[in-house]
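Topology and contacts: notes
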Amino acid sequence: VTFNLRCQYDRVDGVNSFIHRAGMILDKIEDEKPDVICFQEVVDGMRQFFKLHLNDYTVIGHGRNADFAGEGVSIAFRNDTMELFEAQQFWLSPTPYVPASRFEDCQSGCPRTCVAVTLKYAHEDIPIRFYAVHLDHIGEKVRTLGIRQILDKAAELEKLSKCHNIILGDFNAEPGEEAIRLCDEFEDYPIADVTKDTGITFHDFGRGTADGRDGMKIDYIYVGKELSDSVSDVCLWKDKNNGIYLSDHYPVCCTINFLKKNEKI
């Protein structure tokens, strides 16, 4: 699952403030029990909330600021189904291991990070490397630079050890933009967008976009081409209760069928 949580903007989100959505989110995760969730827009209090209440999961990821606090990306994985091999977080920048670093000439003021974890099912031989991402919201150029950094890393590591690769998150790019074209055409490690038919994913709590559209498709799950025929049941979590949504994005879920237990990713 890729799940943009929407930061804790309690003063402006009214009934859809995180405090009103939090229990609904926990209930949804408990009902669906996905093996892996990529969260975006996780601020410090939300990170601690999930570490406290997602008792069946391990939550990995820290803030994007120089002191490792603030908003960031996190990955949660189930302890009973997944074994952790390796985890790291790096910044999307020319100096990926310098905290809070950015592409200075074309990026917004927000540093951007990627959380990468390598996990394995006990009953499978090949690990799965997940790259959780939230690309910049301002510049198309910097989104392309950021996703290229991740694609290059995936291609490089694929030469060292055999893994399935899944890149997922909020790309802040609609279909046809340069960052998405790069993903669709990347030759060093071909990947496939298994969420291409989901329709809109960002809906702003049902309000749509400022230009009058119902919303935008900006959330994606890409898998290595060797997995593309094994993916099914791609869906959006469109839960709504008394005007309260899970988030201003629809979380995107898919199932990987090659796994022996038909587990959800």
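Right, let's walk through the structure included here. (Residues numbered from 1 in each chain as written. Predicted model: local features only at pLDDT ≥ 70, side-chain atom pairs only at ≥ 80, totals over all residues. Heavy atoms only, no water.)

**With respect to the sheet that holds strand β8 (residues 164-170)**
Two pairing modes exist for strands in a sheet, parallel and antiparallel, and in both the strands are linked by backbone hydrogen bonds. Applicable threshold: When DSSP finds two or more bridges between a pair of strands, those strands are recorded as paired. Only runs of H or I of at least four residues qualify as helices and only runs of E of at least two qualify as strands under DSSP, and these elements are numbered from the N terminus. As a rule, the C-alpha atoms of each element are fitted with a line to give its axis, helices using only the stretch in contact, and angles between N-to-C directions run from 0 to 180 degrees. A contact between two residues is defined here by any heavy atoms of the two lying within 4.5 Å.
Spatially, β5-β6-β7-β8-β10-β9 is the arrangement adopted by the six strands of the open sheet, whose pairing is mixed. Each of the sheet's edge strands pairs with one partner strand only, and the pair in question is β5 (82-91) and β9 (191-193). Going across the sheet, the axis of each strand differs from the next one's by a mean of 20 degrees, ignoring polarity. As paired elements, strand β7 (residues 128-134) and β8 share seven bridges and run parallel to each other. Note that in β8 the partner of I128 across the bridge is H164. Docked against the sheet, helix α4 (residues 140-160) engages β5, β6 (113-121), β7, β8 and β9, running at close to 170 degrees with respect to β7. Relative to strand β10 (residues 219-224), helix α5 (residues 178-185) is tilted by about 20 degrees, and along the sheet it contacts β9 and β10.

**Observations concerning α4**
Formally: Expected helix span is computed as 1.5 Å times (number of residues minus one).
For α4, which comprises 21 residues, the first-to-last C-alpha distance of 31 Å matches the rise-based estimate of 30 Å (1.5 Å per residue) to within 8%. Tucked into the core, α4 has its buried residues touching β5, β6, β7, β8, α5 and β9.

**Digging into the packing of helix α2 (residues 18-32) against helix α3 (residues 44-53)**
What counts here: Each angle gets one of four labels, with under 35 degrees taken as roughly parallel, over 145 as roughly antiparallel, 65 to 115 as roughly perpendicular, and the rest as oblique. Note on convention: the crossing is left-handed when the near helix lies turned anticlockwise from the far helix by less than a right angle, right-handed when the turn is clockwise. Put simply, Ala, Val, Leu, Ile, Met, Phe, Trp, Tyr, Cys and Pro go in the nonpolar bin, Asp, Glu, Lys and Arg in the charged bin, and everything else, Gly too, in the polar bin.
At a minimum axis separation of 12 Å, α2 and α3 run at an interaxial angle of 30 degrees. Here α2 is positioned roughly parallel relative to α3, judged by the angle of their axes. For the pair α2 and α3, the sense of crossing is right-handed. Taking contact as the criterion, the partners of F18, A22, I25 and L26 in α2 are, on α3, M46, F49, F50 and H53. Among the residues making up the contact of α2 with α3, the classes are represented as seven nonpolar, one polar and no charged.

**Side note on the nonpolar core**
Put simply, the rule is: Here the nonpolar core consists of buried residues drawn from Ala, Val, Leu, Ile, Met, Phe, Trp, Tyr and Cys, with membership extended through side-chain atoms lying within 4.5 Å. Burial classes: relative accessible area under 20% of the type maximum marks a residue as buried, over 50% as exposed, and values in between as partly exposed (1.4 Å probe, protein chains only).
One finds L92, I147, I150, L151, I167, F171 and Y222 to be the most contacted residues of the largest nonpolar core, which totals 27 residues. When contributions to this core are tallied by element, the ones reaching two or more residues are β6, β7, α4, α5 and β10. In terms of residue count, α4 provides more of this core than any other element does, six residues in total. Beyond its immediate stretch of four places on either side in the chain, F171 contacts V133, L135, R143, I147, I180, C183, I218, Y220 and Y222.

**Observations regarding the pairing of β7**
The criterion, for reference: A clockwise path from the first strand over the helix to the second, with the strands pointing away from the viewer, defines a right-handed crossover.
Burial within β7 is extensive, with seven of its seven residues counted as buried. Covered by surrounding structure in β7 are I128, F130, A132 and H134 together with R129, Y131 and V133, the residues of both alternating faces. Here six bridges tie β6 to β7, and the two strands are oriented antiparallel to one another. Bridge pairing in β7 places T118 opposite R129. Adjacent in sequence and paired antiparallel, β6 and β7 are bridged by six residues. In this region the chain leaves β7, passes through α4 and returns to the parallel neighbour β8; the handedness of that crossover is right-handed.

**Brief notes about α2**
Spanning 15 residues, α2 covers 20 Å between terminal C-alpha atoms, matching the ideal 21 Å at 1.5 Å per step. Burial in α2 covers these residues: F18, R21, A22, M24, I25, L26, K28 and I29.

**Focus: the pattern of salt bridges**
Here is the rule: By salt bridge we mean one thing: a side-chain nitrogen of Lys or Arg within 4 Å of a carboxyl oxygen of Asp or Glu.
Per the stated rule, a full pass over the model turns up 14 salt bridges. Close ionic contact of K28 with E32 constitutes a salt bridge, the shortest N to O distance being 3.1 Å. Of this pair, K28 and E32 both sit in helix α2, four residues apart, which is roughly one turn of that helix. When the shortest N-O distance is used, the salt bridge between E177 and R143 registers 3.0 Å. Residue E177 is located in the loop between β8 and α5, and its partner R143 is located in helix α4; the two are separated by 34 residues in the primary sequence. Given the relative accessible area of 7%, R143 is considered buried.

**Considerations on the environment of H123**
Within the fold, H123 resides in the loop between β6 and β7. Accessibility expressed as a relative area gives 25% for H123, which makes it partly exposed.

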